[in-house]
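# Residue-level structure breakdown
Letter by letter, the chains look like this.
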Amino acid sequence: MESVSGQGDGGTWPMGLDEAIRGTAADIATTLRGAPDTGAAVPGSRWTVGEAAAHLAQANELMAQLADGKARRHGDGTPRGLAEANQLALAAFAERRAEPLAAMIVEQADAFLRSAARPVSHGEPVTPMGPMSLDVLGSYLLTHMLGHGYDLARALGRPHMLDRARVELTLPFLITAMPRVVDTAAAAGLTARYTIRLRGGAGFGATFTDGALTVIPHPPSRPDCTILTEPVAFLLMALGRLGPWGAAARGGVLAWGRKPWLAPRFPTLFSPP
């Protein structure tokens, strides 16, 4: 994945991240504006379309404020804590209409990018998933929009906005967040080295040592199991929207190595927020 220097904290800002954030926000807004009823249920969720859109608008605002150096507390970083914080925030925010929420999602994505482009005098933002550099926070924003944007598209019978280029730009956040969302019960006692590759793109390594996870931005030496995943299927599995057997049935996953049977277990080792 190509990168460029600069953007706010003087770190490395991935090439194409601005366009992916703006484009995803615009795609979500277009999806919402075509909604006949924001009271419709979101498949696999307790939320309605209006609630999911309100959550997205609030989350984009929160991340824009974090990029601007403002301190915001939202949960304790655990899946349960984040879910509780989301519900409290939604209860305090009454807007559920499509047009105002679509506008807010776009406006706050733009506000994030304006803040991220300015020289930063404060330290790393402390996000709901822990401290992150601005480039990883941008990847977090994109990942979050893609997950809920996919849900909204399914609920409204519209095309989703996930593609290989956008999925690759979620990797900095996912690599950072994965150790924080390990299901300790599911991973207990596991020692294994995984290589995860996106078809036609990037890859990374995930090593479990007696249940503890280390993630690196490149494949490890001598992995026990290599998993090659179609990019959209990879992100949907990472976000808990698709199970490993469903991905395999769609031809989205191939596995090989000394222990290929470890592949179906990999997505079950995490509890996405």
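The following paragraphs examine the structure supplied in this document. Note that the coordinates shown come from a computational prediction; the quantities given were computed from them, not determined experimentally.

Conventions and cut-offs
Residues numbered from 1 in each chain as written. Predicted model: local features only at pLDDT ≥ 70, side-chain atom pairs only at ≥ 80, totals over all residues. Heavy atoms only, no water. Phe/Tyr/Trp six-rings, centres within 6.5 Å; stacked < 30°, edge-to-face > 60°. Helix = DSSP H or I, 4+ residues; strand = E, 2+ residues; numbered from the N terminus. Buried < 20%, exposed > 50% of the residue type's maximum accessible area, 1.4 Å probe, protein only. Pairing = 2+ DSSP bridges. Axes fitted to C-alpha atoms, helices over the stretch in contact; angles between N-to-C directions. Parallel < 35°, antiparallel > 145°, perpendicular 65-115°, else oblique. Left-handed = near helix turned anticlockwise from the far one by under 90°. Contact = heavy atoms within 4.5 Å. Nonpolar A, V, L, I, M, F, W, Y, C, P; charged D, E, K, R; others polar. Salt bridge = Lys/Arg side-chain N within 4 Å of Asp/Glu carboxyl O.

Inspection of the entire model under this criterion finds six aromatic pairs. Each ring, one from Tyr 140 and one from Phe 173, has its centre 4.2 Å from the other, and the planes form 5°; the classification is stacked. Taken together, the residues Tyr 140 in helix α5 (residues 134–156) and Phe 173 in helix α7 (residues 171–177) connect sequence positions 33 residues apart. Neither Tyr 140 nor Phe 173 differs from the other in exposure class; each is buried. A centroid spacing of 6.1 Å and a plane angle of 65° characterise the contact between Phe 204 and Phe 234, whose relative ring orientation is edge-to-face. Note that Phe 204 is positioned in strand β6 (residues 203–209) and Phe 234 in helix α9 (residues 231–238), a separation of 30 residues in sequence. Each member of the pair, Phe 204 as well as Phe 234, carries the same accessibility label: buried.

A word on the pairing of strand β5 (residues 192–198). The buried count for β5 comes to five of seven residues, which makes it a mostly enclosed element. As defined by bridge partners, β5 adjoins β6 across six bridges and the pair is classed as antiparallel. Paired with Ile 196 across the bridge in β6 is Phe 204. A loop of four residues connects β5 with β6, the two strands running antiparallel in sequence, and Gly 200 in this loop sits at a positive phi of about 80°. Alignment of β5 against strand β8 (residues 225–229), held across five bridges, turns out to be parallel. By the bridge assignment for β8, Thr 195 is matched with Thr 226.

Our focus in this paragraph is unusual backbone geometry. Phi is positive for Asp 210, close to 50°, though the residue is something other than glycine. Among the structural elements, Asp 210 can be located in the loop between β6 and β7 (212–216). On the basis of relative accessible area, Asp 210 is assigned to the exposed category, the value being 58%. Its identity is not glycine, yet Arg 222 carries a phi of approximately 50°, on the positive side. Since its relative accessible area comes to 57%, Arg 222 is described here as exposed.

Across the interface, helix α1 (residues 17–33) lies against α5 with an axial gap of 10 Å and an inter-helix angle of 25°. Put simply, α1 runs roughly parallel to α5. Here α1 runs over α5; the crossing is left-handed. Facing α1, whose interface residues are Leu 17, Ala 20, Ile 21, Thr 24, Ala 25, Ile 28, Thr 31 and Leu 32, α5 presents Asp 135, Gly 138, Ser 139, Leu 141, Leu 142, Met 145, Leu 146, Gly 149, Leu 152, Ala 153 and Leu 156. A breakdown of the residues in the contact of α1 with α5 according to their chemical character gives 13 nonpolar, five polar and one charged.

One pass over the full model with this rule turns up 10 salt bridges. Its salt-bridge partner being Asp 68, residue Lys 70 comes within 2.6 Å of it at the nearest N-O pair. Asp 68 gets classed as partly exposed once you look at its relative accessible area, which sits at 31%. Here Glu 168 ties to Arg 164 by a salt bridge, and the two come within 3.0 Å at their closest N and O atoms.

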